[in-house]
Structures are given as structure tokens and as C-alpha cells.
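Residue strings, one per chain:
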Amino acid sequence: MSDIDLEREGDIAADFLEELLDIADLDGDIDIDVDGDRAAVEIIGGDLGHLVGRDGEVLDALQELTRLAVYRETGARSRLMLDIAGHRAARKASLVKIAEEAIEQVKSGAVPLSLDPMSPFERKVIHDAVAEAGLRSESEGAGPDRHVVVLPAE
């Protein structure tokens, strides 16, 4: 997908989210960016913790609704990433630390190493960090029990 298409996704998402904030009478600014191969939209400012919810559950739901709004306008499936008040960015940083600790344990001989169940976003962060370190990882389990297993390089 081209940067222009991703920018259009971001614009559509921003319009949808601005409407949502107006309806809910919430303050927040919207920042649009292109992060690699996906549009990235963040709502910043104000008291937005309730839009994140417990463990990011509300954020995940809002992201899916926003992706549906983009799909309705473009007819194409969106991989848009939504963040609210830096929640995903902070979670990503803590996940990278978890991945680094797991990588060190696997390199020290503790193989395979199963991590706690995680959301798809969280598992992707772990998989990316493990691959970057030259090791392997797999997702195992189903539903809320789906988790990452870190393995040595083949």
C-alpha cells in the first residue's frame, strides 16, 4: 500500500474518531502518521484513560471500529494502529523488555520458554523482537490462552 493510501486511511480514521470524541463530549487531539506499512493514529490530551480501558480492551474495540469505518469508505481491509494517550507505545516498550529477558534466557539454555497469554498486538511485538535477535518464536494455544513460545535459532 502506498503512503498516499495510508495517509487517506489516517484521514478517514481521524474524521471518524473526531466525530466519536464530539459525540462523547471528550477533549483530545488526533495525530496521524505512517508507521512502516500501516497508518498510525493517536488520540492525545485530556483525560482519556477510560478510552483505553482495563488492559487496553476499550482501545482494542475502538481500533476495530475505526478499521471498520476505514473499510466502509475504502472497501479495503485496514491494518491501522490506534493509540490513546501513549498506552500502546508504553506497552510496546514493556513488551520489548519482556522479549529481551526471554531471549537471554533462551540463549542461556532455558528452552523452549513460554510467555503469558497475550493479545495479537502484544504477540506481534514479541515475535518481531525475537526475530530481530535471531531466534525463533511461535504462537500456541487458542483464544485468551494464546501465547508466545521463544525457541533457539535452528
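Keep in mind the model is a prediction, meaning the values are calculated, not measured. (Residues numbered from 1 in each chain as written. Predicted model: local features only at pLDDT ≥ 70, side-chain atom pairs only at ≥ 80, totals over all residues. Heavy atoms only, no water.)

I keep staring at the environment of Leu-113 and nothing clicks. Help me out?
On the secondary structure map, Leu-113 appears in strand E4 (residues 113–117). Looking at Leu-113, the relative accessible area reads 17%, which means it is buried. Along the sequence, Leu-113 and Val-148 sit 35 residues apart, while their C-alpha atoms lie 8.4 Å from each other. Ignoring any residue separated from it by four or fewer positions in sequence, one finds Leu-113 in contact with Ala-102, Gln-105, Val-106, Val-148, Val-149 and Val-150. (Helix = DSSP H or I, 4+ residues; strand = E, 2+ residues; numbered from the N terminus. Buried < 20%, exposed > 50% of the residue type's maximum accessible area, 1.4 Å probe, protein only. Contact = heavy atoms within 4.5 Å.)

Explain helix H5 (residues 120–132) here, please?
Note that an α-helix has 3.6 residues per turn; residues three or four places apart therefore point the same way. For H5, which comprises 13 residues, the first-to-last C-alpha distance of 18 Å matches the rise-based estimate of 18 Å (1.5 Å per residue) to within 8%. Residues of H5 that are buried: Phe-121, Glu-122, Arg-123, Val-125, Ile-126, Ala-129 and Val-130. Gly-134 lies just past H5 and shows a positive phi near 85°. (Expected span 1.5 Å × (residues − 1).)

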